[in-house]
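# Observations on the three-dimensional arrangement
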Amino acid sequence: MFEHPWSGVFAATLCPFEPHFYDIDAEALQAYTRYLASVPNLKGLVCNGHTGEVMGLRPEERAEVVRLMKEVAGDCKVISGICCEGSFEAIDHTEAAREAGADAILLMPAHHWLRFGRTSTTAVGYFEDVAVATGVPIIVHQYPQWTKATYTLEEMLALTDIDEVVAIKMGTRDMARLGHEHRVLKEHAPDVPLLSCHDEYLLASLLAGADGALVGFAGFVPELIVDLVHAALSGDYERAYATQEVVYRLNKAVYRFGEPSSDAHQRMKMAMHLQGRFPSTTVRPPLRPLDEADIQRIRDDLAESGFDAWYGARGLLQEVEASVLAVG
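First, a word on scope: everything that follows refers to the structure included in this document. (Residues numbered from 1 in each chain as written. Predicted model: local features only at pLDDT ≥ 70, side-chain atom pairs only at ≥ 80, totals over all residues. Heavy atoms only, no water.)

Let us look at the overall build of the protein chain. Within the protein chain, the secondary structure is distributed over 15 helices and eight strands. Compactness check: the protein chain gives a C-alpha radius of gyration of 19 Å against a globular reference of 20 Å for 328 residues, within 12% of the reference. Principal-axis analysis of the C-alpha atoms gives the protein chain an extent of 50 × 45 × 35 Å. Counting only residues that meet the buried cut, the protein chain has 59% of its 328 residues in that class. Long-range contacts, defined here as pairs at least 24 residues apart, represent 74% of the contacts in the protein chain between residues at least 6 apart. If you sum the accessible surface of the protein chain, you get close to 13400 Å²; carbon and sulfur atoms cover 53% of it. (Helix = DSSP H or I, 4+ residues; strand = E, 2+ residues; numbered from the N terminus. Rg over C-alpha atoms; globule rule 2.2 N^0.38 Å. Buried < 20%, exposed > 50% of the residue type's maximum accessible area, 1.4 Å probe, protein only. Contact = heavy atoms within 4.5 Å. Areas by Shrake-Rupley, 256 points an atom, 1.4 Å probe, with all protein chains shown as cover.)

A full pass over the atoms with the stated rule returns 14 salt bridges. For Glu-61, the salt bridge identified is with Arg-284, shortest N-O distance 2.8 Å. Pair noted here: Glu-61 is in helix 2 (residues 59–72) and Arg-284 is in the loop between helix 12 (262–274) and helix 13 (292–304), with a separation of 223 residues, a long-range link. Accessibility classification places Glu-61 together with Arg-284 in one group, the buried group. In this structure, Asp-227 engages Arg-239 in a salt bridge whose closest nitrogen and oxygen atoms are separated by 2.1 Å. With Asp-227 in helix 10 (residues 222–233) and Arg-239 in helix 11 (residues 237–254), this residue pair connects regions lying twelve residues apart in the sequence. Classification of Asp-227 as buried rests on a relative accessible area of 7%. Assessed through its relative accessible area of 40%, Arg-239 is described here as partly exposed. Each of the salt bridges in this network shares a partner with another, and the network as a whole consists of Arg-58, Glu-61 and Arg-284. (Salt bridge = Lys/Arg side-chain N within 4 Å of Asp/Glu carboxyl O.)

Moving on: the packing of helix 1 (residues 26–37) against helix 2. Relative orientation of the contacting elements helix 1 and helix 2 amounts to 45 degrees, with a least axis distance of 9 Å. Between helix 1 and helix 2, the interaxial angle falls into the category oblique. In terms of crossing hand, the pair formed by helix 1 and helix 2 is right-handed. Here helix 1 contributes Ala-26, Leu-29, Gln-30, Thr-33 and Arg-34 to the contact with helix 2, which in turn contributes Val-65, Leu-68, Met-69, Glu-71 and Val-72. Taken together, the residues of the contact of helix 1 with helix 2 break down into six nonpolar, two polar and two charged. (Axes fitted to C-alpha atoms, helices over the stretch in contact; angles between N-to-C directions. Parallel < 35°, antiparallel > 145°, perpendicular 65-115°, else oblique. Left-handed = near helix turned anticlockwise from the far one by under 90°. Nonpolar A, V, L, I, M, F, W, Y, C, P; charged D, E, K, R; others polar.)

Attention now goes to unusual backbone geometry. With an omega of 15 degrees, the peptide bond between Pro-285 and Pro-286 qualifies as cis. Note on placement: Pro-286 falls in the loop between helix 12 and helix 13. Backbone geometry places Tyr-22, a non-glycine residue, at a positive phi of 65 degrees. Looking at the secondary structure, you find Tyr-22 in the loop between strand 1 (8–12) and helix 1. On the basis of relative accessibility, which here comes to 33%, the residue Tyr-22 falls in the partly exposed class.

Shown next as structure tokens:
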């Protein structure tokens, strides 16, 4: 299973910014990239996604993030999120990502669909346009069931028939639908891995039939998520459940029993900083700094999470500190 180039664990990455003028902190981004790329069995790094504050990045900055990460990622794939409103714009952004070194793209739905919806012909045609024009490998980003931008099963089946589609990031957040869709999609397209993006209940979604995970939590606690995914998908359920307990407590600190969101990713950045594993808590406007009460809640949740004990038991914490704390 894990030998497939698009199965396994992919980390949605954060983006560090300078504290005064919000510039991308290139040195910190590359140090963070080196750390993630050094984690055994982490297959790829997905930048310019929601976790990476894509909405706050200018188009040229998205390409710059790819370039900076690709320079130091080694054998780890670098995938760029593409968040655009039309086919021509998406093609331009994909070409820029490829020129910067991206190995693939994560193609998000056009966000005006969230308000107005779209036809199936439009949804599938969007992928066809980008695939034909660029030839770049594409990971489909499936949005939650409750949005007008979610893809139906029939649409996802059609998407897997596009040669450039190499995986689907399954984000329906509907477990009944998820289990059924895994079965049908695997029968139709067994070589297109299905990657969970359900950070908030990752183990359950893995056991529903996923081939791996593409989650922000893998950019937050990568060793933990690699351990969980490999244990769950190899049938070592005792280990998977033990690891999930730590993930659950960290979820409480970051997601507060909700879905991933900009504020949640901001809390993730703060949590990593409090752990000494990320140099910056700066976020791009219109986000504002967390208040002291929220920071204290994160600090308390981290103290109760068992994170340090899990890392310490595996001899990992000192190595992580040495690779990341030196930044800045």
